Every structure is written in structure tokens, then in C-alpha cells.
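Secondary and tertiary structure notes
Residues per chain are reported as follows:
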Amino acid sequence: MKRLKTILMGMLTLLAMFSCEKGLDVAGAAEGNSVLNVVTRSGESDAKVSYPITVYVMNTDGQCVRKLQLLTANDQLSMKLQPLTYNIYAIAGAADGDYSLPGQDDATATSEITLNEDATHGDLMSAKNTVTMSEEESSTLTLSLSRKVMHLESLVINNVPKSVDAVTVTLAPIYDNLLLNGEYSSTTGTQTVALTEQSDGTTWQNDDELFLLPSAGNATITVKFSRGGTVTSYAYSSPLALEANKHIRITGTFTGTDELTLSGVITGATWNGTTTIEFNFDEEGSTTTGGGTTTDDNNGNQDDNGSEDDVMEGTAPAVGSIYKECYVNAVADDETGNYILVTLIHKDEVDISGTGKTEEQIMEEIDDALPNFDINGITGWRLPTEEEAHSFSGGQAMNVAFQQAQISGTDINSDWYYCLSANGLKIFVGATGVIGQTLPVTKGQHLRPVTVVRFHKE
């Protein structure tokens, strides 16, 4: 028995030594003498922070060395680390009972934050930053949280025939999951909301507000009327995406036996502004009545609710020409067939460096700069989308057009420019339209805005 105990003790000692060696293989896992304090704040104007906040600390090899959680605003987050460089990721508003979060052992930057069955999304926020710790340093890192969900505030269908016994509205495609790094995964999600009949017998609306991940590109809105087991569907393809950090309000009015008119308003804080969607649809198809426009309530850049006020006089210019000192980059019919939508690229640009800045800080500078681009009565300038960025590969033709029109401006060249994707800011090469890295960025960048104007179709 004594010999058996001796053998067991020796085996346990070897196992402990092996475990310690394995733990030391993970850079930054062992406790160091550098202290990192983490402070969180909202990147939005309402200064709201969702709890709990789960923080993951990863070394440059992508291995998670710490996982900590802040449950309330009074909690303090402090940790001892080795003097190395770390990537810090935070997910806020993901309650343990509602979400499945990765553990420390299996967490990566692209780990999915999945919603548990029968749970609904909360006011999800995320943040990421990089910090380099020095020997015996005490450092404070601020994580600026950004909202990753949209707020489905109200869905109302008016003047519903009394023969209808059920009404639903479906939004698709929406992202399925949020990733630890703040991006999204899978574009096959849908959300169906069952509406409740109101006391007047003709109004149907949602009972509860919802937080949802944004749409993966332009959204399709489907309204279904059920009559005694027979379902009639009306689908509309929106020219706009349903974006994160915006309030969504959709109101529809049924105008006959087979025609439904819907208008939707999307409102957002700070730079998101207000997007208005107005459309008619029936069993023959769908049409846009408002053109799908954006209103910036804060800067006053745009204000269009589908009226004729924004329609330009004259004939729509051709692609490659110059219109009011702006380059005509694209021309297309709107969904009504009554208007021509002309995408313009501004003749000028400004330098906005992203080095060492968060996405929110860069966007604040962009917001401040955009009103200064108004030219010859043309307003509503914004960042190009990722799709529009690809079209900048015709930059040389743009440069030649400005030169031939004897308009002084800034050439589109091989520098980096900002564009806006579904996952936030990205940069692209102006001369090629090739999309480059996401933030944080290390190259010099430029803001070259675009806008869309309408003409009557002749």
C-alpha cells in the first residue's frame, strides 16, 4: 500500500508539472505584474450601456487569456497581465439565460453569440480595442460600445377587412448571429411578427417591441392575411437595409380588396438620422412611392418624405457626365418607373485619419464633415456603400471628366477611402474599388461622399 501511494504521488506530481508547462505555453495566460483597468461607455448619444458586459482578452495568437464580466455599472474590472499586446472584445446585453456565449477555452474573435431557443434579443452592444502593456504598468482602457441591433418599435396595419382572422409581418433576410468581434454571421435569418386585432376591429398591431439583428442587405417585407385558412401574401423588396441602431416603425393601410399601402419610418440617433420607406403593393407586385430616402435630423442634410420637393428639374444626366460639378456615377429607374435615380460622386474629398481611433470617433469626424460638401443646391451627402465603392474603379474616367469640364477637384487615386458596409466602416482603394481592411486601420484615409437625386422620367 505504501508503494502504491508513492507511485500515485509521483504520477500526480508529474501531471501537475505537465499542466503548468501547458498553461505557460499560452502567452499572457499567466498572471503578470502589469495592471489593466477596463472602463466601458456608450458610443451613442443616449449614453446607455447594456448589462451584463462580458469581456474577453486575447493575445496576438488569438488565444483567450481572460474572460470577465461586469454585472452592473458599479462593478469594477481590473486584471493582471503579462507585458504583451492584447485584443479586447466586449459583448453587452447578452444575459446568461438568453444567450450562449463562448467560454474562455474556446473563444475566438469569430465565435458566435447565439440566442437560446425561445429567447428574444436584448439591446446588444459590442466593443473592441487593442492595448499594449508595458512592464509594471497600470493602464486604463476605455471600450466604446456600439449598438448591434435594430429596435422594431411598432408594426401597424390599418383598415384590415373584417373577414381576415390573422395578420403577420415577416422581415428577411436578417443576420442570424453576432460574432465576438462585432461583425455578423449567416444571412438566412427571418423574423415573423404576429399582429393582434385591436378594439376597432380593423387595426392590427404588434403587442411587444423587439430588438433584432439588422437585415443582411436590402430587406424584404412580407404581409400575410389569413382568411379561414386561406393565406394571401404581399411582398415588397425595400431599396434600403434595416440597419442596427435605428428605431423601426412600419405602418400599413389596406385600401381595397387586393391593395395594401405601407409606409415605414426608421429613426436613429446621431449620425444614423432617419430613413423613410414608403411603398404600395398588391397581388400584381410592388412599387416604391417615396424613393427610399434618408433624412438626417441632426445636420439637416436631407428631408424627404416622398414629396416632389426633391425632384430635380430637367432631363437626367448620363453616366460619366458632370452634373452641377458632380460626377454622374450611376443612373437607374426607381421601382415606380416614374423617376430616374442618379448617383453622384462629389468632386472633392477630405482627409480623415483613422489611425489610433475607434469607429465611433471616425464617424463623428465624418458627420462633422458631410454638411460642408453641399454644392449647387445638392445635399444629402453620405458615405458610399460597399457596392458603390466597387464602382470607384472607374476613377480615371472620373478624373478625365472633371478635367474636360474644367472643374477643379481632387483626383481619385490609389489612396484609401471610407465606405459603409453592413458590418460598419471599411476602406477601399479609390483607383480600383478593391475593399481593404476593416477597422482599426493603419493607412491614411479620405472621405469622398456620394448622394442620389431624382428626376422625372420622360
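Worth saying up front: this structure is predicted, and the values here are computed from it rather than measured.

**Notes on the sheet that holds strand β7 (residues 112-115)**
Reading across from one edge, β6-β7-β12-β13 is the order of the four strands in this open sheet, with antiparallel pairing throughout. With one partner strand each, in any of the chains shown, β6 (99-100) and β13 (184-185) form the two edges of the open sheet. With two bridges joining them, strand β12 (residues 177-179) and β13 adopt antiparallel strand pairing. Counted as the bridge partner of L178 is Y184 from β13.

**Some points on the packing of aromatic side chains**
With the rule as written, the count across this model stands at four aromatic pairs. Ring centres of Y175 and Y184 lie 4.8 Å apart, and the angle between their planes is 15 degrees; on these two criteria the pair is classed as stacked. Relative accessible area serves as the criterion here: at 12%, Y175 is assigned to the buried category. Given the relative accessible area of 8%, Y184 is considered buried. A ring pair is formed by Y323 and F455, whose centres lie 5.4 Å apart and whose planes are at 75 degrees; its orientation type is edge-to-face. One end of the pair, Y323, is in strand β26 (residues 322-323); the other, F455, is in strand β34 (residues 450-456), and 132 residues separate them in sequence. In terms of burial, Y323 and F455 fall into one category: buried.

Scoring rules and cut-offs
Residues numbered from 1 in each chain as written. Predicted model: local features only at pLDDT ≥ 70, side-chain atom pairs only at ≥ 80, totals over all residues. Heavy atoms only, no water. Pairing = 2+ DSSP bridges. Helix = DSSP H or I, 4+ residues; strand = E, 2+ residues; numbered from the N terminus. Phe/Tyr/Trp six-rings, centres within 6.5 Å; stacked < 30°, edge-to-face > 60°. Buried < 20%, exposed > 50% of the residue type's maximum accessible area, 1.4 Å probe, protein only.

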